[in-house]
Structures are given as C-alpha cells and as structure tokens.
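Here is what each chain is made of, one letter per residue.
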Amino acid sequence: MNPDRNIQDFLAEAEDILETANRTLLLLETGVALGGCDPDLVNALFRAVHSFKGLAGMFGLKEPADCSHRLESLLDELRLGKVPLNREVLDVLSETVSLLGRLVQQAGARQPAEDITPAEAGLSRFVD
C-alpha cells in the first residue's frame, strides 16, 4: 500500500466528516439559542463522530481515534438525556471538533499530534 495515498484517502474522508459535524453543530447551537434541541441533530453529530473514530482507527491514528471516542461518549450521554445540551456542552463539543480538525491537518502534514489531554479533561467534566 502506498502510505501517501493512504493519508490522502484519510484526509479527504476525514475532512468531509468534520465538515458535516461542524454544520450539524451550528444547527444545534441555533436550536439551543432558540430554546430547543433537535434529537435528530444530536444523532447526526453522533454518527459523524462515530464514522470519524472508525476512520481514524482504521488508519492507526491514535490521538484522533481516542479523542473522537471520548467525544462519542459525551454525544451518547446527550442522546440518552443524561447530559443536558447547554452552552457549556456546546462549547466543549465545538472545541473538540476543532481539535479533531487540527489533528487531521497535523496527520496530513506528518506532524506530531497535538496533546489531546486538555480536550479529554473538558469532555471528562460531563462523562467518565
């Protein structure tokens, strides 16, 4: 297998998934600002993050896979109604999706992955 081709395949797919996640997050933020939460949007964001996690794992990218796994746990808690969707949670979701985007760029540039510990700490405020 061609490693350059593999990373290009990962980048293309990961960027599409994260674009979907960002669009969904914006819709969620709008809904919360208007006083509501559409469960279909939470489910759509969960599916995007789940797909990203699988993709990162398939390409052996530990930090993006680990970070998206933690994010997926928070989204599952949201789906189950165990965590309320509020501004604080939206901020953590947004920050973590942004981090995933940076991790994708770092993988594409063959740079070491950014430290995900701060993001995991933020996520841990809502899930174990």
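Here's a quick rundown of the structure. (Residues numbered from 1 in each chain as written. Predicted model: local features only at pLDDT ≥ 70, side-chain atom pairs only at ≥ 80, totals over all residues. Heavy atoms only, no water.)

**Brief notes about the overall build of the chain**
- Along the chain, the regular secondary structure elements total five helices and zero strands.
- In the chain, the succession of α and β elements from N to C terminus is α-α-α-α-α.
- Seen along its three principal axes, the alpha-carbon backbone of the chain occupies a region of about 50 × 25 × 20 Å.
- In the chain, buried positions account for 41% of the 128 residues.
- Pairs at least 24 residues apart make up 68% of the contacts formed inside the chain by residues separated by at least 6 positions.
- As presented, the chain carries roughly 7000 Å² of accessible surface, and 51% of it is formed by carbon and sulfur atoms.
- Put simply, the chain has 12 plus and 21 minus side-chain charges, and the middle of one group is 2 Å from the middle of the other. (Helix = DSSP H or I, 4+ residues; strand = E, 2+ residues; numbered from the N terminus. Buried < 20%, exposed > 50% of the residue type's maximum accessible area, 1.4 Å probe, protein only. Contact = heavy atoms within 4.5 Å. Areas by Shrake-Rupley, 256 points an atom, 1.4 Å probe, with all protein chains shown as cover. Lys, Arg positive; Asp, Glu negative; His and termini not counted. Charge placed at Lys NZ, Arg CZ, Asp CG, Glu CD.)

**What about helix H2 (residues 39-58)?**
- Along its 20 residues, H2 runs 28 Å from first to last C-alpha, staying within 8% of the 28 Å computed at 1.5 Å per residue.
- Every buried residue belonging to H2 is among Leu41, Val42, Ala44, Leu45, Phe46, Ala48, Val49, Phe52, Leu55 and Ala56, and all of these are buried.
- N-capping of H2 is provided by aspartate 38, with a side-chain oxygen placed 2.8 Å from the backbone N of aspartate 40.
- In the segment just after H2, glycine 60 is the residue with positive phi, at about 70°. (Expected span 1.5 Å × (residues − 1). Polar contact = N/O pair within 3.5 Å; in protein donor to acceptor, adjacent residues only side chain to side chain.)

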